[in-house]
Amino acid sequence: MTSKLAAVLPDLAPWRSSKDFRLLWVQGLVTYLGSVMALIALPLQIKDLTGSPLAVGAMGAVELVPLIVFGLYGGALADAVDRRKVIVLTEAGLGVLAAVLLVNALLPEPMLWPLYLVAAGVAALAGLQRPALDAMLARIVPHDQLAAAAALNALRWQAGAIGGPALAGLVVAYAGNGPAYAITVVCFAVSVLMCRRLSPAPPVEHAAKPSLRGIAEGARYAWSRPVLLGTYAVDLAAMFFAFPNAIFPFLADELDADWSLGLMYSAGAVGSLLLSLTSGWVSRTSRHGLLVVFGAAGWGLAMAAAGWTSNVWLVLLCLGLAGAGDMLSGLGRSTIWNQTVPDRLRGRLAGIEVLSYSVGPQLGQVRAGAMAGWTGVRPAVWSGGLACVAAVGLLAAALPGLVRYDARTDEDAQRRRTGQDPTAATGP
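Residues numbered from 1 in each chain as written. Predicted model: local features only at pLDDT ≥ 70, side-chain atom pairs only at ≥ 80, totals over all residues. Heavy atoms only, no water.

Colleague: Tell me about the layout of surface pockets, and please be specific about residues and values.
Modeller: The computed volume of the largest pocket comes to approximately 380 Å³. As for the largest pocket, its lining consists of 17 residues, of which G169, A173, D258, L261 and G262 are closest to the centre. Where the lining of the largest pocket is concerned, the elements lending two or more residues are α3 (19-50), α7 (146-175), α11 (248-254) and α12 (261-276). If one sorts the elements of the lining of the largest pocket by residue count, α7 sits on top with five residues. Residues that form the lining of the largest pocket fall into these classes: eleven nonpolar, two polar and four charged. (1 Å grid on protein atoms, 1.4 Å probe; cavity = no way out; pocket = protein on both sides within 12 Å on 5 of 7 lines; lining within 4 Å. Points joined across faces, edges and corners; volume = space filled by probe spheres on them. Helix = DSSP H or I, 4+ residues; strand = E, 2+ residues; numbered from the N terminus. Nonpolar A, V, L, I, M, F, W, Y, C, P; charged D, E, K, R; others polar.)

Following this line, the structure appears as structure tokens:
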């Protein structure tokens, strides 16, 4: 019985083998707990100031261009400079933006335009930072522990995502936006101190300076690999069609359950956590493309059910199931990426991945807000979920290499395992 339980529990090997992994794990938890305070308070503040679901959804549109531009540039930057420096400086910048939100919230009459300005700034800094963070993992964790590291990182996110939204909802409801933003500032200050303790992560020898040509090289490599292309496309489609988080405040109102808002934001993380706590089997599977496809389809189906039902408890259950599907897809996506991408292109490919898992939610917020204003809140949720399932099915048919991916036989995965550069053999 003990051996069977150990087989499904998370693999802690990366935590034991890497000091930098432990630092990034704890730092990421602190950052997320601070970020989620602003994540809850910001749309609620826009809702209170405007009363418009479109105005809340427009936050995604404001974030879109900075995320695309700085995400791509951040990928090239992560391949050209010390990745630790990028992480420290961007984390400090995010703390400064949190301070701007705090000052605005403390004004006698808070203004609307700084909220959009800060949202755009956060998107830009996140775009610069995320490729460097993602590109660090394969350096600090052995190749055979990458799937386990992805599961542990997911567990960290879920720990914050479950408690964070519920705590943020209470803080905002009973103390106001100011204290929520103050907690965000403190968390980023702590995070910066932790990031400074990371080991240096210099670029590979003779790394090229950030340039459009370098970004294009990474794009050509991704385009030439149908498996990678499939992971990006599936995630982008899933988030675009079935990411209704921006209209959760209006969904809670429609269900006459304002108390459930924090639970709506955290329900997906509960489902993700349950899957991660039984993720030991992920380290032993090799068909990670199937995880991507089935997980994304399950996410869409559960979101459709959440929009269809009018019982708030069933809505929360469906959101939990959606979170489990999203986590399954995310584990497959992260493992494929870390198993196949060469280190010299890792930052640029991470920049492209930022577009797939960050631009998708931003566009999804715009879609959800616009659809809610046009068809109503619940139809905007269930129609997006059904569209997600259809899109994932079409992409799986169009890119069969993703479904067939097997780490035991994939050429790029085998070269990466032996320390070779896949681009040296096949070119971009």
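Colleague: Can you break down the environment of L212 residue by residue, with the values?
Modeller: Take L212: it is sitting in helix α9 (residues 212-224). Exposure remark for L212: the relative accessible area of 73% places this residue in the exposed category. With 140 residues separating them along the chain, L212 and L72 place their C-alpha atoms 9.3 Å apart. (Buried < 20%, exposed > 50% of the residue type's maximum accessible area, 1.4 Å probe, protein only.)

Colleague: Which residues make up helix α14 (residues 312-340), and what values do they have?
Modeller: Counted at 1.5 Å a residue, the expected span for α14 with its 29 residues is 42 Å, and the 42 Å between its end C-alpha atoms agrees. Of all the 29 residues making up α14, 23 are buried; the element is thus mostly covered by neighbouring parts of the structure. Its side-chain oxygen 2.9 Å from the backbone nitrogen of W313, N311 forms the N-cap of α14. (Expected span 1.5 Å × (residues − 1). Polar contact = N/O pair within 3.5 Å; in protein donor to acceptor, adjacent residues only side chain to side chain.)

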